[in-house]
Each structure stands twice: as C-alpha cells, then as structure tokens.
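# Tertiary structure, described
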Amino acid sequence: MEKQKIKHSWAEPYKIKMVELLKMTTLAQRKKAIAAAGYNTFLLKSEDVYIDLLTDSGTSAMSDRQWSGMMLGDEAYAGSANFYHLEETVRDVYGYKYVIPTHQGRGAENILSKTMIKKGDIIPGNMYFTTTRLHQELAGGQFHDVIIDEAHDAENQHPFKGNVDLNKLDVLVKKYGADKIPYICVAVTVNMAGGQPVAMQNMKDLRKYTKKHGIKIILDMTRVAENAFFIQQKEEGYAKHSIRSIVKEICSYTDGATMSAKKDALVNIGGFLALNDKDAYEEASNLVVVYEGLHTYGGLAGRDMEAMAIGIEESVSDAHMKARIGQVIYLGEQLRNFGIPITEPIGGHGIFLDAKRFLPHLDQDKFPAQALAAELYIDSGVRSMERGVVSAGRNPKTGKNYYPKLELVRLTIPRRVYTQAHMDVIAESVENVFVHRNKIKGLKMIHEPKYLRFFQARFAKL
Ligand code: PM9
C-alpha cells in the first residue's frame, strides 16, 4: 500500500458565501435519464445530476476576488488591460516570455500543432490525451507514447508514473531522426494515467537529453500546480519548496506550454499558449487571429482573462493545493478501505475506478468503464466519465479500435465545489454498485461519431 505523507487535516482555506441548489432525483427518473442519454454521461442534462464528477474542467468555484476581477473587464477589442495583467502573471508565475490567450486548452493545441508539426512528423508524449493527440494527427503528425511502463498498470505503486522513459524516446530518435521530432509533449500531471505526476528529476534528465538532440519540450501544463504538490510531498529535496517555486522550476525546463486554464487556474473558461522563442511566438500570434481572435484576447472576454490571472495566483498557494488534493485522497482512501479497485497511487484530480478489476466478467468490447459510469449514475445521481476503450478511439490509419491497458472510470473532483459529506455519499454509492457488480451486463455502441467519440457516442444495454 502506498504511504501518503499528507496529513488528514486538509480543511478548506475558504468559507462559503453563496450556494448552488441541487435537484434530487428518484431511481426511476435516473433510469429514464441515462437511457435517454444513450448511456453516455456526457449526454445527461446537468440538472438531472446530483454530484457532478464528470470533469474538473471549467467546473471550479471562483473566489470572491475572481468574481470582483470580472467587474474589471476591459472589453476593448485590442490591447485590453486584462491581457497585460494575464501576460505579467504568466511571466511571473510560470516564467514564459510570450503568452497568447485561447478560448481553452484545445485552442492552444490547435495553434501549436499547426505551427510546429509538419506532415510525417513524430510527436512523443507521456501517454496520449484525447484532444492533444487529435490536433497532432490533424496537423499530419503521429503520436508515440513514451511514458514509463508502470503508468499502464493501475496497481503499480511508482510515485511518479507520469515520467517519460528516456530509452523509449531514444528509440524514436534513432529510428526516425531528431529532425522528424519537432517537440516532445510532456503532460503534468498525466490525466489518462490517473492524474499521475512527473518527477522534477525526470524533467531535468529530459531537458539534458533533448538539448543534445535539438528537440523542444512543450509542457501540457493544465495541472502543473497539482503536479508540483506531488513533487513537494514525494521527491527528495523538495519538502521545503513552495508549490509556486516548484511550478516555476518545472516550466524552466521547457520551451513552451499549452494550458487549459479551466483546471488548475480555477476559471470556467480560458487557456493559453506560452512560448519562449520570439519567432515561434510571432507565427503563432499570427495564426491565432484565424481561429480564436486577436492575439490580445484569443477568444476570451477581458473579464475572463482577469479571472484567469487571479486564478493562476490562487492555484499556486500551498494551502489551496493541500486542501484540493487532500479531498481527493480522502475519497480515495475510503474506497480503498472498502476494497474497491482504484488506480494507485492516488492522483491529483480524481479517483479512477479500475473497471477491469471492478467488472472482471466484462471484456473491453462490452465497454466496462462506460457501463460502470452509467450504473453509478443510476445508483445515486453521481456523474462520472469513462476513460477507457471509448475514449481511446480508433487508429486513424487502420481504423481499428485502440485497446488501452487502462479501462477506468474517472470520479473527477471539481475544485472548491463539494464538501466532505459529498465525498462520503460518493463513496457509499460506489460501494453499493461494487456489492452488486455481478449484475452489470455491459453495453454495445449504437452511434459512433468520427472525432472524439466519447463525447457523443450512444450505447444500448446488452
Ligand atoms: N481535459 C478533462 O475532463 C476536458 C475535456 S476532455 C473530456 O480532463 C489535458 C491534460 C486535459 C484537457 C482537457 C486538455 C484540453 C488538454 N490537456 O478542454 O480544451 O485534461 O480546455 O483542454 C478535460 P480543453
């Protein structure tokens, strides 16, 4: 069993000023709602959900400071004061020289991929992420997974399962040549592996290796502050470093970053592309006007950029991060104590149920994680998300399904939204479904969209 260093006294460093009322539903209503949604939790109406663990993306509660920042929105088309505040914050907190706002993370991925990837290029990454890989492929590139093997094993206790395997990277460099690899994409933390962190030592080793070969490092910094927490807790020499300083050090080993500010940065919408190279910035800031908007707003209102600038500052507070991940660990430990199979060690943004071990009687063609997410909703109105064979999609060349080793249901915890009592209700519901797991029969897919099928696919009960 993993020994978590964190203490349990993780009480929230804030108090509640306003509440959002939730609708309670009956079992019959939930059965009807999930059938109407084609057994896809993305297609449920939010008002039919009690505790929403679909995602931590854009679902954070903003602070009173962020809300008051919204009133300072400078909605000028060009040169908004809020852009300059955001730029200054990105330089100060993350250390990048240039920043281009985008409407959200995939907006930044699109601009990055279109400006940096040529047809036939190879893009190594520490496990795929759905939107990131799709933009790489649409730009003519091919993604290659270079995460350490431990990441593909939900039970493995490696403390930094997000690490890049430098030997796997070296194999790619030798096979294709460094000039075919414009950059390696390093995600911190690794979402699809269960919110698993990357060690600082791994970042340093990677920087050394890529410098030698002239390969850039682009950080997917969507959850960089959460990654910093694990470095602080688990990596030798960092216990006394602040989250803020660790975040800046991680960024210092990279050449640029894409950011979905809807996660770490505590806003409901927004993202950016950050770069250090002036020429790369000039090219990206020109292309952004085609897809997002002028380079000083990139698809966002001035007020959104203000809330983001303030949210970035709040995200690197040690007290915030201790409570944020403390809550995730609180839920994870309850499930683990009941014997529920979860991805270990417990990651940053949620608890990932291991559907392969939860429902060993269902093979992957019966979409066990999708079926489990639907069952959990029926039981209690808790909405979760499939992260398995449906999310993995198909190989664009062969058209065949990818069969990922990890078949997971993500219980994603929004930041500053739910209480400890909510965590107890979630745990009780998962336990109830676990007790009755043998009755779950699996699903068949009856509608499959071409892109990112997990969002809109429909299923029927077997
Ligand atoms: N992640 C999530 O729920 C929202 C969309 S996918 C269901 O986890 C990483 C590591 C992400 C991510 C989004 C994006 C894209 C990039 N990298 O959603 O476009 O977790 O802001 O960001 C989601 P946007």
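Residues numbered from 1 in each chain as written. Predicted model: local features only at pLDDT ≥ 70, side-chain atom pairs only at ≥ 80, totals over all residues. Heavy atoms only, no water.

Turning our attention to the overall build of the chain. Counting its regular elements, the chain contains 16 helices and 14 strands. A total of 462 residues make up the chain; the buried ones form 60% of that total. Residue pairs in contact within the chain that sit at least 24 positions apart in sequence constitute 73% of those at least 6 positions apart. In the form shown here, the chain has an accessible surface area of approximately 19,100 Å², with 53% of it arising from carbon and sulfur atoms. Within the chain, the 55 negative side-chain charges are centred at a point lying 4 Å from the centre of the 61 positive side-chain charges. (Helix = DSSP H or I, 4+ residues; strand = E, 2+ residues; numbered from the N terminus. Buried < 20%, exposed > 50% of the residue type's maximum accessible area, 1.4 Å probe, protein only. Contact = heavy atoms within 4.5 Å. Areas by Shrake-Rupley, 256 points an atom, 1.4 Å probe, with all protein chains shown as cover. Lys, Arg positive; Asp, Glu negative; His and termini not counted. Charge placed at Lys NZ, Arg CZ, Asp CG, Glu CD.)

In this section: the site of the ligand. By nearness alone, 21 residues border the ligand, and Thr 55, Asp 220, Ser 260, Lys 263 and Arg 410 come closest of all. Contacts to the ligand include Asn 191, whose side-chain N or O atom sits 2.9 Å from an oxygen atom. Residue Ser 260 places a side-chain N or O atom 2.6 Å away from an oxygen atom belonging to the ligand. Looking at which element gives the most residues to the shell around the ligand, the answer is helix 4 (residues 105-116), with three residues. (Near = heavy atom within 4 Å. Polar contact = N/O pair within 3.5 Å; in protein donor to acceptor, adjacent residues only side chain to side chain.)

Right, let's talk about the sheet that holds strand 12 (residues 408-412) for a bit. Strands sit in the order 9-12-11 across an open sheet of three strands; the sheet is antiparallel. The open sheet is flanked by strand 9 (350-354) and strand 11 (385-387), the only strands paired with a single partner. When strand polarity is set aside, the average angle formed by the axes of neighbouring strands in this sheet is 35°. Strand direction decides the pairing type here: strand 11 and strand 12, joined by three bridges, are antiparallel. (Pairing = 2+ DSSP bridges. Axes fitted to C-alpha atoms, helices over the stretch in contact; angles between N-to-C directions.)

Tracing the sequence through the fold places Arg 387 in strand 11. Along the chain, Arg 387 and Pro 360 lie 27 residues apart, while their C-alpha atoms are 17 Å from each other. In this view, Arg 387 contacts Phe 129, Thr 130, Met 192, Leu 406, Glu 407, Leu 408, Arg 410 and Phe 454; residues no more than four positions away in its chain are not counted. Among the polar contacts listed, one links the side chain of Arg 387 to the side chain of Ser 391, at a separation of 3.1 Å.

Glancing now at the pattern of salt bridges. Scanning all chains against the criterion turns up 25 salt bridges. A salt bridge links Glu 226 to Arg 415; its shortest N-O distance comes to 2.9 Å. Taken as a pair, Glu 226 in helix 8 (residues 224-234) and Arg 415 in the loop between strand 12 and helix 16 (420-435) lie far apart in primary sequence, 189 residues in all. Judged by its relative accessible area of 0%, Glu 226 falls in the buried class. (Salt bridge = Lys/Arg side-chain N within 4 Å of Asp/Glu carboxyl O.)

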